[in-house]
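# Structural description and commentary
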Amino acid sequence: VRDRLYLGALDFLKLNKRRNLPQLVFEVGEIIMETVQLTHLCAARINSKSTFSDMKQVLDAILTRLSIEKYEINPANQDNFISGRTGSIVANGMEIGFLGEIHPLTLDQYELKNPVAILELNLTSVSTLFR
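Analysis parameters
Residues numbered from 1 in each chain as written. Predicted model: local features only at pLDDT ≥ 70, side-chain atom pairs only at ≥ 80, totals over all residues. Heavy atoms only, no water. Buried < 20%, exposed > 50% of the residue type's maximum accessible area, 1.4 Å probe, protein only. Helix = DSSP H or I, 4+ residues; strand = E, 2+ residues; numbered from the N terminus. Arc of directions from axis to C-beta. Contact = heavy atoms within 4.5 Å. Polar contact = N/O pair within 3.5 Å; in protein donor to acceptor, adjacent residues only side chain to side chain. Pairing = 2+ DSSP bridges. Axes fitted to C-alpha atoms, helices over the stretch in contact; angles between N-to-C directions. Core = buried A, V, L, I, M, F, W, Y, C linked by side-chain atoms within 4.5 Å.

## A closer look at helix H1 (residues 6-15)
Of the positions making up H1, those classed as buried are Tyr6, Ala9, Leu10 and Leu13. The buried side chains of H1 occupy one side of the element, clustering within an arc of 100° when seen end-on. Contacts made by the buried residues of H1 are with strand E1 (23-33), strand E2 (36-46), strand E4 (81-91), strand E5 (94-102), helix H3 (104-109) and strand E6 (116-122).

## Details of the side chain of Glu120
Structurally, Glu120 can be placed in strand E6. At 2.7 Å, the side chain of Glu120 and the side chain of His40 are in polar contact. If we ignore the near neighbours within four places in the chain, the residues touching Glu120 are Arg4, Leu5, Tyr6, His40, Leu41, Cys42, Ile96, Gly97 and Phe98.

## Brief notes about the sheet that holds E1
In spatial order, the strands read E1-E2-E6-E5-E4-E3; together these six strands make up an open sheet with antiparallel pairing. Edge positions in the open sheet fall to E1 and strand E3 (72-75), since each of these has one partner strand only. Averaged over neighbouring strand pairs, the angle between their axes works out to 25° when direction is ignored. Two strands pair when backbone bridges link them, and E3 and E4 are joined in this way by four bridges, in the antiparallel orientation. Residue pairing for E4: Ile73 is matched across the bridge by Ile89. Those strands touched by helix H2 (residues 52-65) are E1, E2, E3, E4, E5 and E6, and its axis lies near 30° from that of E6.

## Things to note about the nonpolar core
Tyr6, Leu10, Leu13, Ile102, Leu112, Val116 and Ile118 are the most contacted members of the largest nonpolar core, which totals 19 residues. If you list the elements that add at least two residues to this core, you get H1, E1, E2, E5 and E6. Setting aside its immediate chain neighbours within four residues, Tyr6 contacts Cys42, Asp79, Asn80, Phe81, Phe98, Ile102, Ile118 and Glu120. With 17 residues, the next largest nonpolar core counts Ala43, Val58, Ile68 and Ile96 among its residues.

In structure tokens:
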């Protein structure tokens, strides 16, 4: 049972740290939040210069494919992320996810030497935007 996907993405990047960069990985999976099962999508990018902006481009591509053209990113604090380089993703007044850059101390815990940018979307919430 897990409450977020991005920690699994960090584990995956750790296992593949000898592979060439850049690496961009995705996962769609189930999580449990407050006894409710939700479907999330996670994307993680590792490169010598992975940034918030890189992951925002991935977010733009995903939301465009889902026909969500208007959204905003609000400053947020998230465990394991760099303060000031993390935001919550809001569409139609509903928080649907977050994105940001992983904190260097967390990178050290996963034995990663390059920056990692991550986004995680709550696809269950996104699906309610179409009702």
